[in-house]
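Residue-level listing of the chains:
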Amino acid sequence: DAKTTQPTSMDCAEGRAANLPCNHSTISGNEYVYWYRQIHSQGPQYIIHGLKNNETNEMASLIITEDRKSSTLILPHATLRDTAVYYCIVSGAGGTSYGKLTFGQGTILTVHP
Amino acid sequence: GAGVSQSPRYKVAKRGQDVALRCDPISGHVSLFWYQQALGQGPEFLTYFQNEAQLDKSGLPSDRFFAERPEGSVSTLKIQRTQQEDSAVYLCASSSSPSGRAQHFGDGTRLSIL
């Protein structure tokens, strides 16, 4: 699976949009971009995933560049409860990977009052 | 709620003891994954089941680690002759997709080996 690069940490003011970047320049054509987050002492929580089109759900939006080499997770109105480690993961669908996730260090997002 | 349930939440064992960790996935989910998370690190893949078949066990760190899912639902991760380096949080995740998309995680079992 392709490797991802994320900033170590980011800050965001409560109520503002949080934009979390991720580079995945070695992504291959059949690999999806996944975002998970992990709040302290909990298991990771699925946020969103996409292949090449932008995606939106009730939690966030995912913007993938046309060349698919980078993406941005957008939390439109961050709250204190969004403080967590955010993981950007690239994973193949099917084949021998079976969708197993390779977590990096992630981005520690801190939302301030 | 009908999320992924793991038990026990915490487990303390002496070095050399055997332990068994249980995962109850979301009902009907065909894919089940186990991950190991060391302190301050991201989770690392251990093994994958599709229904009752263990299709990938490449992440198991040694032959002391064994996982099963005999009826395609509940899974057990067993660690024999535990060592201090086995101390970690063990996470279970399930997915309705055979390709493991949108995995739902439990809150893990925190294993401490004394």
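Residue positions are counted from 1 within each chain, in the order its sequence is given. Whichever chain is written first becomes A and whichever ligand is written first becomes 1, with later ones labelled in order. Since the coordinates come from a predicted model, pLDDT governs what is reported: local features require at least 70, and pairs of side-chain atoms require 80 or more to be given and counted, while whole-chain, interface and lining totals use all residues. With hydrogens and water set aside, each side-chain value is computed from the structure's full complement of heavy atoms.

J.: Please provide a residue-by-residue account of the environment of Gly 59 of chain B, values included.
T.: Residue and element names in this part refer to chain B. One can find Gly 59 in the loop between β6 (53-56) and β7 (65-68). In this structure the C-alpha to C-alpha distance between Gly 59 and Phe 33, which are 26 residues apart in sequence, comes to 11 Å. The contacts of Gly 59, once residues within four sequence positions are left out, are Phe 45 and Leu 46. Only DSSP runs of H or I with at least four residues qualify as helices, and only runs of E with at least two residues qualify as strands; both kinds are numbered from the N terminus onward. Contacts between residues were defined by any pair of non-hydrogen atoms, one from each residue, lying within 4.5 Å.

J.: Outline the interface of chain A and chain B, listing residues and values.
T.: Contact with chain A, which involves 21 residues of that partner, is made by 23 residues of chain B. Among the residues of chain A in contact with chain B, Tyr 98, Lys 100 and Phe 103 of chain A are the three that bury the most area, contributing 33% of the side total. Take a side-chain nitrogen of Lys or Arg and a carboxyl oxygen of Asp or Glu: if they are within 4 Å of each other, that pair is a salt bridge. In this assembly, chain A and chain B are joined by 1 salt bridge. What qualifies as a polar contact is a pair of N or O atoms within 3.5 Å, subject to a donor-acceptor requirement within protein and to the restriction that residues adjacent in sequence count only when both atoms come from side chains. Applying the counting criterion to the chain A and chain B interface returns 10 residue pairs in polar contact (both at pLDDT 80 or more). At the level of secondary structure, the elements contributing two or more residues to the side of chain A that touches chain B comprise β3 (31-38) and β4 (45-50) of chain A. Here the side of chain A that touches chain B gets 4 residues from one element, more than from any other, and that element is β3 of chain A. Residue type decides the class: Asp, Glu, Lys and Arg count as charged, Ala, Val, Leu, Ile, Met, Phe, Trp, Tyr, Cys and Pro as nonpolar, and the leftover types, Gly among them, as polar. When the residues that make up the side of chain A that touches chain B are grouped by side-chain class, the tally is 10 nonpolar, 10 polar and 1 charged. Note on definitions: buried area is the accessible-area loss of two parts on being combined, 1.4 Å probe, summed for both.

J.: How would you explain the nonpolar core if you had to name every residue and give the values?
T.: Here the nonpolar core consists of buried residues drawn from Ala, Val, Leu, Ile, Met, Phe, Trp, Tyr and Cys, with membership extended through side-chain atoms lying within 4.5 Å. Exposure is judged per residue with a 1.4 Å probe applied to protein chains only, and the accessible area is read against the type maximum: over 50% gives exposed, under 20% gives buried, and values in between give partly exposed. In this structure, Trp 35, Leu 73, Tyr 86 and Leu 109 of chain A are the most contacted members of the largest nonpolar core, which totals 21 residues. Where this core is concerned, the elements lending two or more residues are β2 (18-23), β3, β4, β6 (61-64), β7 (70-75), β8 (84-92) and β9 (107-112) of chain A. The biggest single contributor to this core is β8 of chain A, with 4 residues. The next biggest cluster of nonpolar side chains, apart from the first, holds 20 residues, and it includes Leu 21, Ile 26, Leu 60 and Leu 77 of chain B.

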